[in-house]
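Coordinate analysis (summary)
Each chain, written out:
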Amino acid sequence: MRCHSYGMSYTIGMDAAGRVVLPKAVRERYGLADGPHQLEVSDTADGIVLRPKGEPVPLVRTASGWLVFQSGVDESIDPVAAIDEMRAQRSRVIRGEE
């Protein structure tokens, strides 16, 4: 997605799934550059308003094996370890060990 900056206004693209990419300058200004975060979306008379909400969203593994961004904090899950385990399991499957 291409982003063009015009002072404090930005024109950004949105894909078919509704995903947008915030410009790096905006992410840095609002402390959103260091990982996944929740944003509050407001539908106003002036248009759509996005506001940072709370702390960064942690990455967790679901029971089915998917890695997802979860709104509740669970300190018992280490996202790096979860990703490493997923990769190790995939390698075992590829080698026919599982």
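Now for a description of the structure that goes with this document.

Conventions used here
Throughout, residues of each chain are indexed from 1 in the direction in which the sequence is written. With the structure being a predicted model, the display of local features is reserved for residues of pLDDT at least 70 and the display and counting of side-chain atom pairs for 80 or more, all residues being used for whole-chain, interface and lining totals. Hydrogens and waters are ignored; side-chain quantities use all the structure's heavy atoms. In this text, helices come from DSSP runs of H or I with a minimum length of four residues, and strands from runs of E with a minimum of two, each type numbered from the N-terminal end. Multiplying one less than the number of residues by 1.5 Å gives the expected span of a helix. To count toward a patch, a residue needs a relative accessible area above 30% and no salt bridge. Like charges then connect within 9 Å, nonpolar side chains (Val, Leu, Ile, Met, Phe, Trp, Tyr) within 5 Å. To be clear on the numbers: accessible area is Shrake-Rupley with a 1.4 Å probe, and residue cover counts the displayed protein chains and nothing else. Within this document, salt bridges are pairs made up of a side-chain nitrogen of Lys or Arg and a carboxyl oxygen of Asp or Glu, the two lying within 4 Å of each other. The buried label applies to any residue whose accessible area, calculated with a 1.4 Å probe on protein chains only, is under 20% of its type's maximum; exposed applies above 50%, and partly exposed to all values in between. Should any heavy atoms of two residues lie within 4.5 Å, those residues are considered in contact.

1. Here's the deal with helix α2 (residues 79-94)
Compared with an ideal rise of 1.5 Å per residue, which puts 16 residues at 22 Å, α2 spans 23 Å between its outermost C-alpha atoms and is within 8% of the ideal. Two residues or fewer past α2, glycine 96 is found with a positive phi of approximately 80°.

2. Description of a nonpolar patch on the surface
Side chains of Leu39, Val41, Ile48 and Leu50 sit close together on the surface and give an oily, nonpolar patch of about 390 Å² of accessible area. Listed by contribution, the elements that provide at least two residues to the nonpolar patch are β3 (37-44) and β4 (47-56). Note that valine 41 resides in strand β3.

3. Some words on the side chain of serine 42
By secondary structure assignment, the location of serine 42 is in strand β3. Overall, the relative accessible area of 15% leaves serine 42 in the buried class. Ignoring any residue separated from it by four or fewer positions in sequence, one finds serine 42 in contact with Gly47, Ile48, Val49 and Arg51.

4. Some remarks on the environment of valine 68
With respect to the element layout, valine 68 can be found in strand β6 (residues 67-69). On the basis of relative accessible area, valine 68 is assigned to the partly exposed category, the value being 30%. Separated by eleven residues in the primary sequence, valine 68 and proline 79 place their C-alpha atoms 9.8 Å from one another.

5. Concerning the pattern of salt bridges
Enumeration according to the criterion identifies four salt bridges in this entry. Put simply, arginine 19 and aspartate 15 hold a salt bridge, and the shortest N to O gap is 2.8 Å. Judged by relative accessible area, arginine 19 falls into the exposed class, the value being 53%. According to the relative accessible area criterion, aspartate 15 is partly exposed, its value standing at 23%. A salt bridge links lysine 24 to glutamate 28, with the nearest nitrogen and oxygen atoms 3.8 Å apart.

6. Concerning the environment of leucine 22
For leucine 22, the position within the fold is in the loop between β2 (9-11) and α1 (24-29). Between the alpha carbons of leucine 22 and alanine 33 there is a distance of 9.9 Å; along the sequence they are eleven residues apart.

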